[in-house]
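An overview of the molecular structure
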Amino acid sequence: MDFTQAGLAAGTTLLAVLLGGWLTTRAQDRLWRRDDQRQWRDIRLTAYTTFLTAFREYVAYVLLPSARITAVPRPHSPHDLMPFFDEQGTRYKEQLEATKTELRLIAGRPEIVAASRTMVQQARLLAAARATHDADALPAERFNELWAAERRFVAAARRELAVHDLADEQPASA
């Protein structure tokens, strides 16, 4: 009887140790995943804000009266106008392209990539229009489409980053 009781106690202890180890491993895995998600969220937030900053700087440069921009038709389809910049403007163009590529590397959802592509396309169209118009004579449609593309990107980024509207969290007044 002592041998059976000792075996049962040892078996119960071993089972408890295994169960405790398994529960600890699960808890650590959950913490690791949560930490990993938080790190990726921070990385994405930084990349998205850097992209938005580069986009705004590009647009601000295009709107400068002193900006020197030329445009030539693209040699292949869709044959739209490609803007070319002076040395100062090239810096803004390169920054926008670099941040767009970084964004594509770390984006969590395809709609982020699509929205960023649309933003860059609209910025290029604005620059091409600027090559043939003075800064104060640009077509309003260019701005409407440009800012609409930015709003779509921001909305997609907010969804991906799970940013909630503050209005949703405030209780309704009686």
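Read on for a plain summary of the structure.

With that out of the way, let us pick up the overall build of the protein chain. For the protein chain, the helix and strand inventory stands at five helices and two strands. Counting from the amino terminus, helix and strand elements in the protein chain follow one another as α-β-β-α-α-α-α. A globule of 174 residues ought to have a C-alpha radius of gyration of about 16 Å, yet the protein chain, at 27 Å, is considerably larger. By principal-axis analysis of the C-alpha atoms, the protein chain measures approximately 100 × 55 × 30 Å.

A cluster of nonpolar residues, Leu19, Trp22 and Leu23, forms a patch on the protein surface that exposes about 310 Å² of accessible area. For Leu23, the position within the fold is in helix H1 (residues 2-62). Exposure remark for Leu23: the relative accessible area of 43% places this residue in the partly exposed category.

This next bit is on the packing of aromatic side chains. Overall, the coordinates contain six aromatic pairs when judged by the stated rule. Taking 5.4 Å as the distance between ring centres and 25° as the angle between the ring planes, the aromatic pair formed by Tyr61 and Tyr92 counts as stacked. With Tyr61 in helix H1 and Tyr92 in helix H2 (residues 87-106), this residue pair connects regions lying 31 residues apart in the sequence. Judged by its relative accessible area of 3%, Tyr61 is buried. Aromatic rings pair up to connect Tyr58, Tyr61, Phe85 and Tyr92 into one cluster. When the ring centre of Tyr92 is taken as reference, the NZ or CZ atom of Arg91 above it lies at 4.7 Å.

Attention now moves to the nonpolar core. Core analysis: the biggest nonpolar cluster contains 33 residues, and Tyr48, Leu96, Ile112 and Phe153 have the highest contact counts within it. Of all the elements in the fold, those that place two or more residues in this core are H1, H2, helix H3 (110-132) and helix H4 (140-160). Excluding residues that lie within four positions of it along the chain, Ile112 makes contacts with Tyr48, Leu103, Ala107, Phe153, Ala156, Ala157 and Glu160.

Quick look at the packing of H3 against H4 now. Axis separation between H3 and H4 bottoms out at 9 Å; the angle between their running directions is 160°. It follows that H3 is roughly antiparallel to H4 by the angle criterion. Where H3 crosses over H4, the handedness of that crossing is left-handed. Along the contact surface, H3 presents Glu111, Ile112, Ala115, Ser116, Thr118, Met119, Gln122, Ala123, Leu125, Leu126 and Ala129, while H4 presents Arg142, Phe143, Glu145, Leu146, Ala149, Glu150, Arg152, Phe153, Ala156, Ala157 and Glu160. Tallied by class, the residues present in the contact of H3 with H4 amount to 13 nonpolar, three polar and six charged.

Cut-off values and rules
Residues numbered from 1 in each chain as written. Predicted model: local features only at pLDDT ≥ 70, side-chain atom pairs only at ≥ 80, totals over all residues. Heavy atoms only, no water. Helix = DSSP H or I, 4+ residues; strand = E, 2+ residues; numbered from the N terminus. Rg over C-alpha atoms; globule rule 2.2 N^0.38 Å. Patch = residues over 30% accessible without salt bridge, like charges linked within 9 Å, V, L, I, M, F, W, Y side chains within 5 Å. Areas by Shrake-Rupley, 256 points an atom, 1.4 Å probe, with all protein chains shown as cover. Salt bridge = Lys/Arg side-chain N within 4 Å of Asp/Glu carboxyl O. Buried < 20%, exposed > 50% of the residue type's maximum accessible area, 1.4 Å probe, protein only. Phe/Tyr/Trp six-rings, centres within 6.5 Å; stacked < 30°, edge-to-face > 60°. Lys NZ or Arg CZ within 6 Å of the ring centre and 35° of its normal. Core = buried A, V, L, I, M, F, W, Y, C linked by side-chain atoms within 4.5 Å. Contact = heavy atoms within 4.5 Å. Axes fitted to C-alpha atoms, helices over the stretch in contact; angles between N-to-C directions. Parallel < 35°, antiparallel > 145°, perpendicular 65-115°, else oblique. Left-handed = near helix turned anticlockwise from the far one by under 90°. Nonpolar A, V, L, I, M, F, W, Y, C, P; charged D, E, K, R; others polar.

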